[in-house]
Amino acid sequence: MLVYVFILSKVIDVYTKNNGAAMKNIAVYAGTFDPITYGHVDLIERAAPLFSEVIVGIAASHSKKPLFTLDERVALTKQVLAQFPNVKVFGFHSLLLDFAREHGANVILRGLRAVADFDYEFQLASMNRFMNPKIESMFLMPAEKYMYISSSLVREIAALNGDFSGFVPDLV
């Protein structure tokens, strides 16, 4: 069965052929994951069968002043995603395109929750394409029940002693 994924203005066959040999499609799904939410897990669960490998890249993002350290976020995310055999988790301090290249990725996977996300993601995808046209950007939308969840809102709820359990895996 062929799976088709839309990429801005074109459709590619995810299971492509390269000189008669199956091409390995590796996607990088990057973010701060501070903390990982059900929205993140939903995207990874749906991306895992589409790609040979999904690399979850956890950005250090010192400018965002994360609640959890990079090592804590990597460890937590590895535990949450342990059920997916083709998903690997790494922290990184570099440009996303450099991280993707280091891991042999040919796709950057991004989540779109709302129309407001599209403007920023379109700009990011355009910059990435300019800097490395060999790496495509693909977008997935989370299930409707997760579209409103963001790590920022979870952190704010937690800071105000609210119940955030419905938004994050139990390990968080």
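The coordinates are above.
Since the structure is predicted, the reported quantities are computational estimates derived from the model, not experimental observations.

## Here we look at the layout of surface pockets
Unoccupied space between atoms shows up once a probe the size of one water molecule is rolled over them. Here the largest pocket defines a volume of roughly 990 Å³. Elements that contribute at least two residues to the lining of the largest pocket include exactly β5 (26-31), α1 (38-47), α3 (96-102), β8 (107-111), α4 (115-131) and α5 (151-159). Per element, the largest residue contribution to the lining of the largest pocket is seven residues, and it comes from α4. A per-class count over the lining of the largest pocket returns 16 nonpolar, 12 polar and six charged.

## A short note on empty space enclosed by the protein
For the coordinates displayed, the defined rule picks out one cavity of 30 Å³ or more. Reported here for the largest cavity is a volume of approximately 40 Å³. Around the largest cavity, the lining residues are T32, D34, S61, K64, P66 and R155. Broken down by class, the residue content of the lining of the largest cavity amounts to one nonpolar, two polar and three charged.

## Quick notes on the sheet that holds strand β9 (residues 136-140)
With parallel pairing, the five strands of this open sheet are ordered in space as β7-β6-β5-β8-β9. Pairing within the sheet leaves two strands with one partner each, and these edge strands are β7 (87-92) and β9. Strand-to-strand twist of the sheet, defined as the mean angle between neighbouring strand axes without regard to direction, takes the value 30 degrees. Of the strand pairs in this sheet, β5 and β8 are connected by three bridges, and their pairing is parallel. For A27, the partnering residue across the bridge sits in β8 and is V107. In this fold α4 packs onto β8 and β9, with an angle of close to 170 degrees to the strand it touches most, β8.

## Observations concerning the side chain of S151
Secondary-structure assignment places S151 in helix α5. On the basis of relative accessibility, which here comes to 10%, the residue S151 falls in the buried class. Side-chain polar atoms of S151 contact the backbone oxygen of P35, separated by 2.7 Å. Excluding its chain neighbours within four sequence positions, the residues that come into contact with S151 are D34, P35, T37 and H40.

## Let's talk about the environment of E53
Within the secondary structure layout, E53 lies in strand β6 (residues 53-59). C-alpha separation for the pair E53 and A105, spaced 52 residues apart in sequence, amounts to 8.7 Å. Excluding residues within four positions of it along the chain, E53 makes contact with K24, N25, I26, A27, N86 and K88. Among the polar contacts made by the side chain of E53, one reaches the side chain of K88 at a distance of 3.4 Å.

Cut-off values and rules
- Residues numbered from 1 in each chain as written.
- Predicted model: local features only at pLDDT ≥ 70, side-chain atom pairs only at ≥ 80, totals over all residues.
- Heavy atoms only, no water.
- 1 Å grid on protein atoms, 1.4 Å probe; cavity = no way out; pocket = protein on both sides within 12 Å on 5 of 7 lines; lining within 4 Å.
- Points joined across faces, edges and corners; volume = space filled by probe spheres on them.
- Helix = DSSP H or I, 4+ residues; strand = E, 2+ residues; numbered from the N terminus.
- Nonpolar A, V, L, I, M, F, W, Y, C, P; charged D, E, K, R; others polar.
- Pairing = 2+ DSSP bridges.
- Axes fitted to C-alpha atoms, helices over the stretch in contact; angles between N-to-C directions.
- Contact = heavy atoms within 4.5 Å.
- Buried < 20%, exposed > 50% of the residue type's maximum accessible area, 1.4 Å probe, protein only.
- Polar contact = N/O pair within 3.5 Å; in protein donor to acceptor, adjacent residues only side chain to side chain.

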